[in-house]
Every structure is written in structure tokens, then in C-alpha cells.
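Chain and residue survey
Here's the letter readout for the chains.
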Amino acid sequence: MPVGETPITIIGNLTDDPELRFTPSGAAMAKFTVASTPRTYDKTTNQWQDGTAMFLRCTAWRDLAQHIADSLAKGTRVVVNGRLRQHNWQTPEGDNRSMLTLEVDEIGPSLRFATARVERVQRGGATSGADAWNTAAPATGGTTASPWAGTPSQGDEPPF
């Protein structure tokens, strides 16, 4: 991450379905808003109290943008990590304005109150990540090549 970047993580709910667009050069871009509302427990009333909601506009690019549009929907509780960006502009009347946005690096559904099923995406026709281990040709001795297989003499025991 470049010097001077402001990384943050926010947890909240999508206020609407992510909007997928494409630049003139064909790059995918997803825009969405995350609402994060702090909650505190009031011991005198034995109830949860909502604080002031914060709405943060988020932007994701390329493959991540398409994965977001395919996977997430309005109301989904998400954990978003990215870099704060400040946008400054001047209105036609000459007033200065600014807005903070989040350029998304990572995002996923929160599993605190939900479950999710992860599907790996193949890139460029090649298997990536852990899938490469699971689809590798069997090693000598009839065992499957994987990060846990070690040498054939170790059998099925993990290497730790």
C-alpha cells in the first residue's frame, strides 16, 4: 500500500443492490453504499439503542466488482476493507464540497448472523489457489498431491 493511504475496515449492511457498470475500456466497476449503525446497550432500559447511522459510498473494480454484483444484494451484512478517498469539487455556485468514499480491496459477507457458500472462480482457464492442489495428478504411492500430503511415506498425516 502506498505511503499516505488510509486503510479502514467497515462492517454494515448494503443499502441497495450493487450497481455494476463498465468503463469505455471495458473495466468493470461496482458501486454500492454500506450503512453502519453503532449500537449500545442501555442497562437502565435493558434495550439496545441505535446510534447515528454512517453511510459510506464504496467502489470496487474489475473481477472484484463482478464478484460483488454476482454475490451480494441489498440488506446483506458485509465486512469491507479498503482505502479512504476524499473527493473535492466546487459547485456551479462556487461552494466547495467534499465527500469520503471507500475504494474496496476486500469484501465478504459477515457470517455473524448468516452462512455463505464460497465458490472459487477460475481465471484464464487455469486453476488457482488451493484448487490447484486438489486437482493435481496423484503422487507416487497413490496419494493425491496436496499441501498436506508431504512425501508419500508420510501418508495422510499433516506435516505438523
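All figures in this text were calculated on a predicted structure; none of them were measured in a lab.

Further remarks concern the overall build of the chain. Secondary structure summary: the chain contains two helices and eight strands in total. Here the chain holds 160 residues, and the buried ones make up 21% of them. Put simply, of all contacts in the chain between residues at least 6 apart along the chain, 54% involve residues at least 24 apart. In the structure as shown, the chain presents an accessible area of about 11600 Å², 50% of it carried by carbon and sulfur atoms.

So, about the confidence of the model for the chain. Detailed conclusions should not be drawn from predicted coordinates in areas where pLDDT is low. Confidence along the chain averages 83 in pLDDT terms, with 76% of residues attaining 70 or more. Scored below 50 in pLDDT, residues 125-154 shows 27 contacts in the model against residues more than four places distant or in partner chains.

Next up on the list: unusual backbone geometry. Despite not being glycine, Asn 46 has its phi angle at roughly 55°, a positive value. Relative to the elements of secondary structure, Asn 46 occurs in the loop between β4 (39-42) and β5 (47-50). The exposed category is assigned to Asn 46, whose relative accessible area is 53%. Even without a glycine there, the phi angle at Arg 62 is positive, about 55°. Here Arg 62 falls in the exposed class, since its relative accessible area comes to 55%.

What follows is about the pattern of salt bridges. Any two side chains of opposite charge can pair, given that their charged atoms come close. Inspection of the entire model under this criterion finds eight salt bridges. A salt bridge links Glu 5 to Arg 83; the nearest nitrogen and oxygen atoms lie 3.6 Å apart. A residue pair is termed long-range when its members are at least 10 positions apart, and Glu 5 in the segment before β1 (7-14) and Arg 83 in strand β7 (residues 77-90) qualify at 78 residues. Of the two residues, Glu 5 and Arg 83, neither departs from the other in class, the shared state being buried.

Here is a general trend for soluble globular proteins: nonpolar side chains tend to be buried in one another's company. Judged by nonpolar contacts, the single largest core of 17 residues is most densely connected at Phe 32, Val 34, Val 78, Val 80, Val 104 and Ile 107. For this core, the elements supplying multiple residues, two or more each, are β1, β3 (28-36), β6 (54-61), α1 (62-71), β7 and β8 (96-109). The element that contributes the greatest number of residues to this core is β3, accounting for four residues. Apart from residues lying up to four places away in sequence, Val 104 is in contact with Phe 32, Cys 58, Thr 59, Ala 60, Leu 64, Val 80, Asn 81 and Gly 82.

Here the focus is the pairing of β8. On a regular strand, one side chain projects to one face of the sheet and the next to the other, so that they alternate. Here β6 pairs with β8 via three bridges, running parallel. Following the sheet pairing, Cys 58 is matched in β8 by Leu 102. Sheet analysis places β7 next to β8, joined by 13 bridges and oriented antiparallel. Paired with Gly 82 across the two strands is Val 104, which belongs to β8.

By the criterion of burial, β3 is predominantly enclosed, with eight of the nine residues buried. Sheet topology note: the β1/β3 ladder contains two bridges and is antiparallel. Each bridged residue has a counterpart across the sheet, and for Leu 14 the counterpart in β3 is Val 34. Bridging between strand β2 (residues 19-22) and β3 involves four bridges; their strand directions are antiparallel. When the sheet's bridge partners are listed, Leu 20 is paired in β3 with Ala 30. Counting the residues in the hairpin turn of β2 and β3 gives five residues, including Gly 26, whose phi is positive at 100°. Here β3 runs beside β6; their pairing, made up of eight bridges, is antiparallel. Looking at β6, one finds that Phe 32 is bridged to Cys 58.

Rules and cut-offs
- Residues numbered from 1 in each chain as written.
- Predicted model: local features only at pLDDT ≥ 70, side-chain atom pairs only at ≥ 80, totals over all residues.
- Heavy atoms only, no water.
- Helix = DSSP H or I, 4+ residues; strand = E, 2+ residues; numbered from the N terminus.
- Buried < 20%, exposed > 50% of the residue type's maximum accessible area, 1.4 Å probe, protein only.
- Contact = heavy atoms within 4.5 Å.
- Areas by Shrake-Rupley, 256 points an atom, 1.4 Å probe, with all protein chains shown as cover.
- pLDDT = per-residue confidence, 0-100.
- Salt bridge = Lys/Arg side-chain N within 4 Å of Asp/Glu carboxyl O.
- Core = buried A, V, L, I, M, F, W, Y, C linked by side-chain atoms within 4.5 Å.
- Pairing = 2+ DSSP bridges.

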